[in-house]
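Letter by letter, the chains look like this.
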Amino acid sequence: MGVKNLWDILESCKKKLPLQHLQNKKVCVDLSCWLVQMYSANRSPAFAKDKVYLKNLFHRIRALLALNCTLLFVTGNQLFSTSSQSLEGKLKFVCLFVDGAIPCVKLATYRRRLGSNSHAAPDSHPSTSLRRNRGSEFSCMIKEAKRLGMALGIPCLDGLEEAEAQCASLDLESLCDGCFTSDSDAFLFGARTVYRDVFIGEGGYVICYEMEDIEKTLGFGRNSLISLAVLLGSDYSNGVNGFGPETACRLVKSVGENLILDQILSNGVKATRKCKGKNNGNKVDNMCPKASSCEVGMTQDSDGQFRDVINAYLEPKCHSPDSEAVQRVCGQHPFLRPQLQKICKEYFDWSPEKTDQYILPKIAERELRRFSDLRSASSALGIKPLLSEIPVPCPVLAIVKQRKVHRNECYEVSWRNIDGLQVSVVPGDLVRSACPEKITEFLEKKGEEKKQKRRARPKKSGQAAVEDVDERLQELLLGIEADSGGILGGTGNGSAAYAVPVEALDVVDLSSPSPPLRKLSKSQKKMMGVDVQCQSMNMNKMESESSFSTQSSTTSDVDKQSKEEEAGGHGGNCVASVIDLSSPSPAIGADDDVIHERKARELRSFLDSIRSELY
């Protein structure tokens, strides 16, 4: 529980920080509080049977390990009681956190929370601590969590009494960067940074309270917070009648940080409130909304109850920083892969491959962050060695490909000397900070591969394709010659006088796109493959020799055409040199040979299909 209403008083100092805030930090964890959070989140019958709380703990740990956040589990004693509804009726059960001992000043609270089961607590001398029941259900959950943590390389320190007191001691002595606990009295034990909640996953964050912010914003130091515990109530006291959060804060502020504890110890305290007028809706120092002023009287502390409470916070029973237990857990602890596989098989029924799939990428990412920290430390000292000059080898062997994960730039990388893991995806900013040379190497290799593909790419029309197209083209041309009555070539009866031999046709380059159609000049018309006008004139000459006038006209026309051909560099006969297949077929006589038109359409369709395949 901690101090009554203290989290509400500290609300203005709460900070919501991104999960990356924990990167490269060392934090101690009140393990009991973490398990309480997971226990309270789901109380279904399958929760304990399927060990959902332990799975949630596993995934929380792996997310923090990937950030190179070093964890230290701390256990102590806590009280946890809750009620759940069963099918038969209400079942009240009490779970006791067992490692450590109950401080003597907390025995009254212990018996009060047990309620009707107070007979379960053995009598004890008030000056001694009470050992815990080590056979409860929650005790087994603690042992499972400790076993899982050890396999993941997380040591556990068993506190002498309160876990949050031990965490605060480590934080106060700068042996860690903060502590995870949901007990607000961690600040009263001396903690400087407290992380109350943590949420993993996309958009993960952590709820943080800093003692520095509390001192600046509220003006409360450690002594003031202890005084609030005395007045409002905590695990160690029931508080003083007549004091609420506003009145208690007003009193502590009025006396001051340095004098408040001495005043309470010497005179005691008693609340006497006098209203001297309406507040008119305005709060005085945001402390007392009901009256414009409050007076507090001091009374003699006859039984010394306040002194025990204050001493419990100022001098908690903890392992000293130089003790063997603390030195042992503050060292490096290895990740035990075989033990973790065995534990996950026993608790979750996971195969070794599934366990590796969950944890190994996070372990590899942690190693890369440590390598990045090494390079950053070297740069801070003015030393910027090349990647090959660093005595510690880079965990990344090579970059395989670029990836996008939740719209964030990432890289799929192959790893060096990480047993059981070949490739995984890591954030792009981490790769840039740890080994930018690998990114440069990857981009250069990628550019070279593109150049090689460009060189090795085959031409759009290979030799075999050209030969096949040419063969099919010749077949179509021969078919058109046979069906068109000799317009393009000789017929079967040899009646055409101007058959075009196949050898005289130039090879059509089908790999290039057809030129745009445009109006032809006279000189270009001479170069056309088949001069229809010339063919028609020659045939008329052979069929109409009896008509002198017609013969004369035809002769003059032929002579004129011959002269034009000689001027253009051609022989006497009209021989096709280029066939324009993109233009429509010329008219063939008066009856428009249907077969010829069909063949021409087939030829054009074939050429269009060839062009679409090539381009």
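Quick look at the structure, then.

Reading the values: the criteria
- Residue numbers restart at each chain and count upward from 1, following the sequence in its written direction.
- Per-residue local features are limited, in this predicted model, to residues with pLDDT of at least 70; the limit for side-chain atom pairs, both in listing and counting, is 80 or more; totals at the level of whole chains, interfaces and linings are taken over all residues.
- Computation of side-chain values: all heavy atoms of the structure, hydrogens and water removed.
- Helix numbering and strand numbering both begin at the N terminus, where a helix is a DSSP run of H or I of at least 4 residues and a strand a DSSP run of E of at least 2.
- Only protein chains enter the accessibility calculation, which uses a 1.4 Å probe. A residue is then buried if its area is under 20% of the maximum for its type, exposed if over 50%, and partly exposed in between.
- Should DSSP find at least two bridges between two strands, the strands are taken to pair.
- Helix axes are fitted only over the stretch in contact, all axes being lines through C-alpha atoms; the angle between N-to-C directions runs from 0 to 180 degrees.
- We call two residues contacting when some pair of their heavy atoms lies within 4.5 Å.
- Take the buried Ala, Val, Leu, Ile, Met, Phe, Trp, Tyr and Cys residues and link them wherever side-chain atoms come within 4.5 Å; each set so joined is a nonpolar core.
- Each domain span listed reflects an automatic or database assignment of domains.
- Regarding the arc, it is the one traced by the directions from the helix axis to the C-beta atoms.
- Oblique is the label for any angle not covered by the other classes, which are roughly parallel (under 35 degrees), roughly antiparallel (over 145) and roughly perpendicular (65 to 115).
- Basically, the charged four are Asp, Glu, Lys and Arg, the nonpolar ten are Ala, Val, Leu, Ile, Met, Phe, Trp, Tyr, Cys and Pro, and anything else, Gly included, counts as polar.
- Site definitions follow a grid-based scheme: protein atoms alone, a 1 Å grid, a 1.4 Å probe that fits but cannot get out for cavities, and for pockets an open set with protein on both sides within 12 Å along at least five of seven lines, plus lining residues having an atom within 4 Å of a point.
- Grid points are joined across faces, edges and corners, and a volume is the space filled by probe spheres set on the points.
- Salt bridges are defined as contacts in which a side-chain nitrogen from Lys or Arg sits within 4 Å of a carboxyl oxygen from Asp or Glu.
- Polar contacts, as counted here, are pairs of nitrogen or oxygen atoms within 3.5 Å of one another; within protein the pair requires one atom able to donate a hydrogen and one able to accept it, and residues that are adjacent in sequence qualify only if both atoms are side-chain atoms.
- Any two of the Phe, Tyr and Trp rings considered here, Trp counted by its six-membered ring, make a pair once their centres fall within 6.5 Å; the pair's planes then place it as stacked at under 30 degrees, edge-to-face at over 60, or tilted in between.
- Criterion for a charge above a ring: Arg CZ or Lys NZ at most 6 Å from the ring centre, at most 35 degrees from the ring normal.
- In this analysis, a patch consists of residues with relative accessible area above 30% that form no salt bridge, clustered at 9 Å for like charges and at 5 Å for the nonpolar side chains Val, Leu, Ile, Met, Phe, Trp and Tyr.
- Only the protein chains shown count as covering a residue, and every accessible area follows the Shrake-Rupley method with a 1.4 Å probe.
- Only four residue types enter the tally: Lys and Arg on the positive side, Asp and Glu on the negative side, with His and both chain ends excluded.
- A charge is said to be at NZ when it belongs to Lys, at CZ for Arg, at CG for Asp and at CD for Glu.
- The disulfide criterion is simple: two cysteine sulfur atoms within 2.5 Å.

Quick look at the environment of Val240 now. Looking at the element boundaries, Val240 is found in the loop between helix 9 (222-232) and helix 10 (245-255). On the accessibility criterion, Val240 (14% relative accessible area) is buried. A C-alpha to C-alpha distance of 9.7 Å links Val240 and Ala229, two positions 11 residues apart in sequence.

The subject of this paragraph is the sheet that holds strand 14 (residues 396-405). Pairing is antiparallel in the open sheet, where three strands are placed in the order 14-15-16. Edge strands, defined here as strands with exactly one partner in the open sheet, are strand 14 and strand 16 (423-427). Within this sheet the neighbouring strands show an average axis-to-axis angle of 30 degrees, counted without direction. Two elements, strand 14 and strand 15 (residues 408-415), share eight bridges in a ladder whose sense is antiparallel. For Ala398, the partnering residue across the bridge sits in strand 15 and is Ser414.

We now examine the sheet that holds strand 10 (residues 193-199). Taken together, the seven strands give an open sheet; going across it, the order is 1-11-10-9-2-3-8, and neighbouring strands pair in mixed fashion. Of all the strands in the sheet, the pair left with one neighbour each is strand 1 (15-18) and strand 8 (156-158). Within the sheet, the average angular offset between the axes of one strand and its neighbour, ignoring direction, is 30 degrees. As defined by bridge partners, strand 3 (residues 70-75) adjoins strand 8 across three bridges and the pair is classed as parallel. Each residue of the ladder has a partner; that of Thr75, found in strand 8, is Asp158. Against the sheet, helix 6 (residues 137-151) touches strand 3 and strand 8, its axis set at about 155 degrees to strand 3.

With that out of the way, let us pick up the nonpolar core. Grouped together as the largest cluster of nonpolar side chains are 65 residues, with contacts concentrated most on Leu35, Leu57, Leu152, Phe180 and Trp415. When residues of this core are assigned to their parent elements, the largest contribution, seven residues, is made by helix 4 (residues 52-66). Looking at which domains feed residues into this core, each of domain 1 (6-82 + 97-114 + 136-222 + 232-240 + 307-330) and domain 2 (351-453) supplies at least three. If we ignore the near neighbours within four places in the chain, the residues touching Phe180 are Leu22, Val27, Cys28, Val29, Asp30, Trp34, Tyr195, Val198 and Val206. One finds Cys13, Ile207, Leu218 and Val252 within the second-largest nonpolar core, a separate group that totals 56 residues.

Ile260, Leu261 and Ile264 are the residues of helix 11 (residues 260-267) that are buried. Buried residues in helix 11, looked at end-on, bunch into an arc of 100 degrees, giving them a common side. Elements in contact with the buried residues of helix 11: helix 9, helix 10 and helix 12 (305-314). Two residues or fewer past helix 11, Gly268 is found with a positive phi of approximately 75 degrees.

What follows covers the side chain of Thr355. With respect to the helices and strands, Thr355 occurs in helix 15 (residues 352-380). Judged by relative accessible area, which is 1%, Thr355 ranks as buried. Residues within four places of Thr355 in sequence aside, it is in contact with Leu340, Gln341, Cys344 and Trp350.

The next subject is the packing of helix 11 against helix 12. Two elements in contact, helix 11 and helix 12, have axes separated by 9 Å at closest approach and are oriented at 150 degrees. One finds that helix 11 runs roughly antiparallel with respect to helix 12. Residues Leu261, Ile264 and Leu265 of helix 11 pack against Phe306, Arg307, Ile310 and Leu314 of helix 12. Within the contact of helix 11 with helix 12, the residues separate by chemical class into six nonpolar, no polar and one charged.

With that settled, consider the layout of surface pockets. Empty space within the second largest pocket amounts to approximately 990 Å³. If you tally residues by element for the lining of the second largest pocket, the top one is helix 15, at eight residues. Partitioned by chemical class, the residues of the lining of the second largest pocket number 13 nonpolar, 13 polar and eight charged. Taken domain by domain, the lining of the second largest pocket gets at least three of its residues from each of domain 1 (6-82 + 97-114 + 136-222 + 232-240 + 307-330) and domain 2 (351-453).

The next thing to look at is the pattern of salt bridges. One pass over the structure, following the stated rule, counts 17 salt bridges. Residues Lys14 and Glu11 are paired through a salt bridge, measuring 3.2 Å at the closest nitrogen-oxygen approach. Look at Glu11 and you get partly exposed, because its relative accessible area is 40%. The salt bridge partner of Arg366 is Glu367, with a shortest N-O separation of 3.8 Å.

The next point concerns the environment of Arg416. Here Arg416 is to be found in the loop between strand 15 and strand 16. The class for Arg416 is partly exposed, based on a relative accessible area of 29%. Sequence separation of Arg416 and Val396 is 20 residues, and the distance between their C-alpha atoms is 5.8 Å. What Arg416 contacts, discounting residues up to four positions off in sequence, is Pro393, Cys394, Pro395, Val396, Leu397 and Lys438. A polar side-chain atom of Arg416 sits 2.9 Å from the main-chain carbonyl oxygen of Cys394.

The relative placement of two aromatic rings is captured by the distance of their centres and the angle of their planes. Evaluated as defined, the whole model comprises 13 aromatic pairs. With a centroid separation of 4.9 Å and an interplanar angle of 35 degrees, the aromatic rings of Trp350 and Tyr358 are classed as tilted. Using a relative accessible area of 5% as the deciding quantity, one classes Trp350 as buried. Since its relative accessible area comes to 26%, Tyr358 is described here as partly exposed. Cluster of aromatic residues (ring-pair linked, three or more members): Phe58, Tyr347, Phe348, Trp350 and Tyr358. Stacked on the ring of Tyr205, the Lys or Arg Lys16 has its end atom at 4.1 Å from the ring centre. Over the aromatic face of Trp34 sits the side chain of Arg60, whose NZ or CZ is 4.8 Å from the ring centroid.

Moving on, we get to a positive patch on the surface. On the surface, a cluster of positive charge is contributed by Lys446, Lys450, Lys451, Lys453, Arg454 and Arg455. For Lys446, the location among the structural elements is in helix 17 (residues 436-456).

Using the criterion set out here, one finds zero disulfides in the structure. Considering cysteine sulfurs only, Cys28 is the nearest to Cys176, which forms no disulfide, with 3.5 Å between them. By relative accessible area, Cys176 is classed as buried at 8%. Not engaged in a disulfide, the cysteine Cys330 finds its nearest cysteine sulfur in Cys176; these two sulfurs lie 8.2 Å apart.

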